[in-house]
Amino acid sequence: MGFALPDKAPPPLRWQFWIDRGGTFTDVVARQPNGELISHKLLSENPEHYADAALQGIRDLLGIVADAPLPRDKIEAIKMGTTVATNALLERKGEPTALVITAGFGDALRIGYQNRPDIFARHIVLPEVLYATVFEVPQRHSASGEELNPLDVTATTLGLQKIYDQGIRSLAIVFMHAYRFPEHEQQVGQLAREMGFEQISLSHEVSPLMKLVGRGDTTVVDAYLSPILRRYVDRVQAETGQTRLMFMQSNGGLIDASGFQGRNSILSGPAGGVIGAIKTCELEDANKVIGFDMGGTSTDVCHFAGELERSFETEVAGVRMRAPMMSIHTVAAGGGSILHFDGSRYRVGPDSAGANPGPACYRRGGPLTVTDCNLLLGRLLPDFFPQVFGTSGDQALNRRVVEKEFDKLAGQISTATGQTTTPTAVAYGFLHVAVENMAAAIKKISVQRGYDVSEYSLCCFGGAGGQHACMVADALGMDRILIHPLGGVLSAYGIGLADIRIMREAAIEKPFEDTLLAKLDGPFETLTQQAQKELEGKTLGTEQVRADRKLYLRYAGTDTPLAIDLSDYKKIIADFEAAHKKRFGFIDPDRQLVVESISVELIASDKPSGNHAIANPLHTGNNKPVGKKTRLYSAGQYHEVTVYHRDHLPAGESIMGPTVIAEAHNTIIVECGWKAHVSSHQQLILERHTPRPQHIAIGTQVDPVMLEIFNKLFMSIAEQMGSTLANTSYSVNIKERLDFSCALFDDQGALIANA
């Protein structure tokens, strides 16, 4: 279904800035007035040189000095993804918030679903709640709308005043059954506004779906994070003035800065990577894609097979949320992941060195990390890495300190295991452990859900992705890798290519019958009008708008709804059964279907912008000689290889591995047995040209590398068993409390792994 936006005369071309502020680096892609793209990368935290990385990146590309006012007349739009809210959640530094809830339910969110993530732990440590205090309001509606207990306005006013006197200015208001009967929430919200509360999150607006715990948790997150986010947005707007400022949401769409809320910001940056991966892979006719985004702090992976995949119930940093988010799985295995040896096994992460102090090679006294492994093994070249280190911010990576630290670590490992090892073997071993961690993350979003990854292309991006792409593909049995020219900053590029998206949801909770479809016309139209109203005046004026309408169906008694496009009755059932069969391996035609909820998503899409011209970015290293030789460690030995410059490779060029391809913000390792080809769209396509080794002789001695790798593989099998059980179970104990365990045993009955 399409809608027309008011016609506007196209303005003269000006700059656009697309920014992804990550945990370690901030990436900036700018579209210049001539239409060419230029990119830039800088540290997210560098207080000695600038206050805000995003604004500094804009100044760098415009060639103006720090703290100089931005030339607002030259900037058409700024599109940004930010980790401000995510970091506040991880560090528990959000706004002090009060939970205002129906009397008798003050502990409901604390109790939650009683699930135990670590079922064998004897000492249960519950996640810290986000709210600072609780106020139980005398009021109650029944599930059918009967007012069982009228709102006590006097008691409510007194309670709110006590909260206000404590200095708390943010409220999360969550009443029983308010998703259908919101009158009491609306009344209390009005009282709070009159008192001067600055942030008032109402559950029927934040998450208008059934289940008190999920709705309540999401409302608390919104109240806790939105003020922090608003202060950051206001600070950016103070510098940018009337320039159009848009932010990336967790659901994969842009939204005007005025509508950016805490609950929609958690996956702001990673969602841009998903969009960038999809848009660039479409150019190569790759419609089955695994996105692999490896940055400095973590690795994000995603699955795409024709449409955006979203999850509606997620947990981030121990906090449950129910809001539409891109289905992205994150594992703590980035370039900054710290290396550990516990006396018997190699472990990588989950802790990260971040941007400060950063890896050992960053010249700030940091620990050994995955980045240091790559530097030692010749997989990361200081000449082709931004020279932003040292006290003056202009020095290259420090290889000497890395060699010294690996010498020391190799000595410790040799002493502990009784087996002599070398710094090179240690670094390569840790690299293999990191690769297995990343491969396990990809299995969770693919193999665990019934997809055969050998049929997919691996879209590799992120600052550290190119160094590991071939190794990850080999670990998964994948034969094709795609790397865009802006692969090192693809999340920022994806933010620039993203559509403006407005999503509205409504709970239905009715049996799915032929007669119900006609009755849903009204709710669908209401949601469409709400979304249209929010979209008005929030676009650049050149977009085409369409509406996607979906039903969320599940079998009665189950807990996992599937999103199905609105169509006729028979097709909806057929589509549901096909999706259920693929996801869970069975269907139950005799079981009643239930419409849990419906959604309308308005999508404002600009003209397709698949293949921009790319100008030479900052720090390209183009002054380095073409054909430079270097030593690369690949497939267990060193090779003397040529370093190729990505921007000097013409379309049609093919290169056999092993070799190194250097570009502005990425180093790409073409391993033994792989070849690289430059497509007509300037994308690198890596393909395996020789069969990969099927068997590795690991010997009879205890190997600290293989010990950890097999531990991960066995745990992955147990976790996949558990995921299937939880998704298909009818038992509340299993699907909500997660009160079960899956395990692997050997032929003697000894436990190998359990999850």
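Asks: I'd like a description of the packing of helix α4 (residues 153-165) against helix α5 (residues 183-195), backed by residues and values.
Replies: Here α4 crosses α5 at 45°, and the two axes come no closer than 10 Å. One finds that α4 runs oblique with respect to α5. Here α4 and α5 pass one another in a crossing that is right-handed. Here α4 contributes Val153, Thr156, Thr157, Leu160, Gln161 and Tyr164 to the contact with α5, which in turn contributes Val188, Leu191, Ala192 and Met195. In terms of residue class, the contact of α4 with α5 is made up of seven nonpolar, three polar and no charged.

Asks: Break down the environment of histidine 645 for me, citing the residues and quoting the values.
Replies: Checked against the element boundaries, histidine 645 lands in strand β30 (residues 637-645). What makes histidine 645 buried here is its relative accessible area of 2%.

Asks: I'd love a proper account of the pattern of salt bridges, names of residues and values included.
Replies: For the structure on display, the rule yields 27 salt bridges. Arginine 688 is the salt-bridge partner of aspartate 474, the closest N and O atoms lying 2.8 Å from each other. Here aspartate 474 is found in helix α12 (residues 469-476), whereas its partner arginine 688 is found in strand β35 (residues 684-688), with 214 residues between them in sequence. Looking at aspartate 474, the relative accessible area reads 23%, which means it is partly exposed. For arginine 688, a relative accessible area of 17% translates into the label buried. Between glutamate 534 and arginine 504 there is a salt bridge, and its shortest N-O distance comes to 2.0 Å. In this pair, glutamate 534 sits in helix α15 (residues 521-535) while arginine 504 sits in strand β25 (residues 500-511), placing the two residues 30 residues apart along the sequence.

Asks: Could you give an account of the nonpolar core, with specific residues and numbers?
Replies: Phe17, Phe292, Phe406, Ile442, Leu458, Ile481 and Leu686 are the most contacted members of the largest nonpolar core, which totals 162 residues. With 13 residues, helix α11 (residues 423-445) is the single largest residue contributor to this core. Contacts of phenylalanine 406, omitting those with residues within four sequence positions, involve Leu339, Leu368, Asp372, Cys373, Leu376, Pro423, Val426 and Ala427.

Asks: Break down helix α16 (residues 569-584) for me, citing the residues and quoting the values.
Replies: Side chains that are three or four residues apart share a direction in an α-helix, a result of its 3.6 residues per turn. For α16, spanning 16 residues, the distance from its first C-alpha to its last is 22 Å, which sits close to the expected 22 Å at 1.5 Å a residue. For α16, the complete set of buried residues consists of Ile572, Phe576, His580 and Phe584. Considered in projection along α16, the buried side chains sweep an arc of 60° and stay on one side of the axis. Positive phi appears at glycine 585, one or two residues downstream of α16, with a value of about 90°.

Asks: Provide a residue-level description of the pairing of strand β32 (residues 659-663), including the pertinent values.
Replies: Within a regular strand, side chains alternate between the sheet's two faces. For β32, a buried count of five out of five residues is recorded, marking the element as mostly surrounded by other parts of the structure. Residue alternation in β32 divides its side chains into two sets, Thr659, Ile661 and Glu663 and Val660 and Ala662, and both sets are buried. Alignment of β30 against β32, held across three bridges, turns out to be parallel. If you follow histidine 645 over to β32, its bridge partner there is alanine 662. Sheet topology note: the β32/strand β33 (residues 666-670) ladder contains five bridges and is antiparallel. Across the sheet, the residue bridging to threonine 659 is valine 670, located in β33.

Asks: Report on the sheet that holds strand β31 (residues 654-656), specifying residues and quantitative values.
Replies: Here we have eight strands laid out as an open sheet, ordered β20-β15-β14-β23-β24-β35-β34-β31, and mixed in their pairing. On the outer flanks of this sheet lie β20 (328-331) and β31, each paired with one strand and no other. Neighbour-to-neighbour, the strand axes of this sheet turn through a mean angle of 20°, independent of strand direction. Taken together, the five bridges between strand β34 (residues 674-678) and β35 define a ladder with antiparallel strand orientation. Bridge pairing in β35 links tryptophan 674 to arginine 688. Lying over the sheet, helix α8 (residues 268-282) contacts β14 (289-294), β15 (299-304), β20, β23 (457-461) and β24 (480-483), oriented at roughly 130° with respect to β23.

Asks: Got a sec to walk through the pairing of β15? Specific residues and values, please.
Replies: Counting buried positions over the six residues of β15 gives six, a clear majority of the element. Because side chains alternate across β15, one face comprises the buried residues Thr299, Val301 and His303, and the other comprises Asp300, Cys302 and Phe304, equally buried. Between the antiparallel neighbours β14 and β15 lie four residues. Relative to β20, β15 runs antiparallel, the two being bridged by four bridges. Paired with threonine 299 across the bridge in β20 is valine 331.

What counts and what doesn't
Residues numbered from 1 in each chain as written. Predicted model: local features only at pLDDT ≥ 70, side-chain atom pairs only at ≥ 80, totals over all residues. Heavy atoms only, no water. Axes fitted to C-alpha atoms, helices over the stretch in contact; angles between N-to-C directions. Helix = DSSP H or I, 4+ residues; strand = E, 2+ residues; numbered from the N terminus. Parallel < 35°, antiparallel > 145°, perpendicular 65-115°, else oblique. Left-handed = near helix turned anticlockwise from the far one by under 90°. Contact = heavy atoms within 4.5 Å. Nonpolar A, V, L, I, M, F, W, Y, C, P; charged D, E, K, R; others polar. Buried < 20%, exposed > 50% of the residue type's maximum accessible area, 1.4 Å probe, protein only. Salt bridge = Lys/Arg side-chain N within 4 Å of Asp/Glu carboxyl O. Core = buried A, V, L, I, M, F, W, Y, C linked by side-chain atoms within 4.5 Å. Expected span 1.5 Å × (residues − 1). Arc of directions from axis to C-beta. Pairing = 2+ DSSP bridges.

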